[in-house]
Amino acid sequence: QLRRDRMRIIAYFLAQERMEELLTFAEVFPNPQLRNETRQQVNNFTQFERQVNFTCPPTGLNADYNNLTLINVTVFWNASGRQRQFSLLSMVANFSN
């Protein structure tokens, strides 16, 4: 139980860390230089993988909302023989458009 909780806390930290890095670009969304990041191992955390997806405009919204970008950071890890994952979502808007 302790190890499982520790792994979950690390996953939350890794998702939050990447989201904060991405939100520093929030003033320039939509930003064509930011691309989806394929699932890959996190540096210095070999038991974790991370993936980032940008959706603009978010699914289900029409083109009137093209100033919105949905950011989804997902962290994956294995615990007790099962794959686990945690997703952190944030919506950013560019009102200068």
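Draft legend 1. Highlighting the nonpolar core. One finds L22, F48, I71, V73, V75 and W77 to be the most contacted residues of the largest nonpolar core, which totals 19 residues. Looking at this core, the elements that each hand over two or more residues are α1 (2-23), β2 (45-55), β3 (68-79) and β4 (82-93). The element that contributes the greatest number of residues to this core is α1, accounting for seven residues. Other than its neighbours up to four places away in sequence, V73 contacts A15, R18, M19, L22, R50, Q51, V52, F86, S87 and L88.

Draft legend 2. Broad picture of the sheet that holds β2. As summarised here, the arrangement of the four strands in space is β1-β2-β3-β4, forming an open sheet in which the pairing is antiparallel. Of all strands in the sheet, those with a lone pairing partner are β1 (37-42) and β4, marking the two edges. On average, each strand axis in the sheet is inclined to that of its neighbour by 20°, with strand direction left out of account. Along the sheet, α1 makes contact with β1, β2, β3 and β4, crossing β3 at roughly 155°.

Draft legend 3. How the structure looks around the pairing of β1. Relative to β2, β1 is paired through four bridges, and the arrangement is antiparallel. Looking across to β2, one finds that Q40 is bridged to R50. Linkage of β1 to β2, two consecutive antiparallel strands, is achieved through a turn of two residues, within which N44 is found at a positive phi near 70°.

Draft legend 4. Main features of the side chain of T74. Here T74 lies in strand β3. By relative accessible area, which is 4% here, T74 ends up buried. Within polar-contact distance, the side chain of T74 engages the side chain of N72 at 3.1 Å. Within polar-contact distance, the side chain of T74 engages the side chain of S87 at 2.9 Å. Apart from the residues lying within four places of it in its own chain, the contact partners of T74 are E49, R50, Q51, Q85, F86 and S87.

Draft legend 5. Up close: the pattern of salt bridges. Within the structure shown, the criterion is met by five salt bridges. Here D5 makes a salt bridge to R8, at a shortest N to O gap of 3.4 Å. Residue D5 and its partner R8 are both found in helix α1; the two are separated by three residues, about one turn of the helix. Assessed through its relative accessible area of 27%, D5 is described here as partly exposed. Residues E17 and R50 are paired through a salt bridge, measuring 3.8 Å at the closest nitrogen-oxygen approach.

Draft legend 6. α1, seen in detail. Under the 1.5 Å per step criterion, the end-to-end length of α1 is 32 Å for 22 residues, consistent within 8% with the ideal 32 Å. The elements touched by buried residues of α1 are β1, β2, β3 and β4.

What counts, and where the lines are drawn
Position numbers for residues count from 1 along each chain, tracking the sequence in the order it is written. Local features in a predicted model are, by the rule used here, given only for residues with pLDDT of at least 70; side-chain atom pairs are given and counted only at 80 or more, and totals for whole chains, interfaces and linings are based on all residues. Only hydrogens and water are removed before side-chain values are computed, so all heavy atoms of the structure are retained for them. Think of a nonpolar core as a cluster: buried Ala, Val, Leu, Ile, Met, Phe, Trp, Tyr and Cys residues, connected wherever their side-chain atoms sit within 4.5 Å. Burial classification: accessible surface area is computed with a 1.4 Å probe over protein chains only, and a residue below 20% of its type maximum counts as buried, one above 50% as exposed, and the rest as partly exposed. Secondary structure counts use DSSP, requiring at least four H or I residues in a row for a helix and at least two E residues in a row for a strand, with both numbered from the N terminus. Throughout, a contact is declared for two residues whenever any of their heavy atoms are within 4.5 Å. Two strands are counted as paired when DSSP detects at least two bridges linking them. Fitted lines through C-alpha atoms give the axes, limited to the stretch in contact for helices. The angle between two N-to-C directions lies from 0 to 180 degrees. Polar contact criterion, stated in full: a pair of N or O atoms within 3.5 Å, where within protein one must be able to donate a hydrogen and the other to accept it, and residues adjacent in sequence count only if both atoms are side-chain atoms. Any carboxyl oxygen of Asp or Glu within 4 Å of a side-chain nitrogen of Lys or Arg constitutes a salt bridge here. For a helix, the expected span equals 1.5 Å multiplied by the number of residues minus one.

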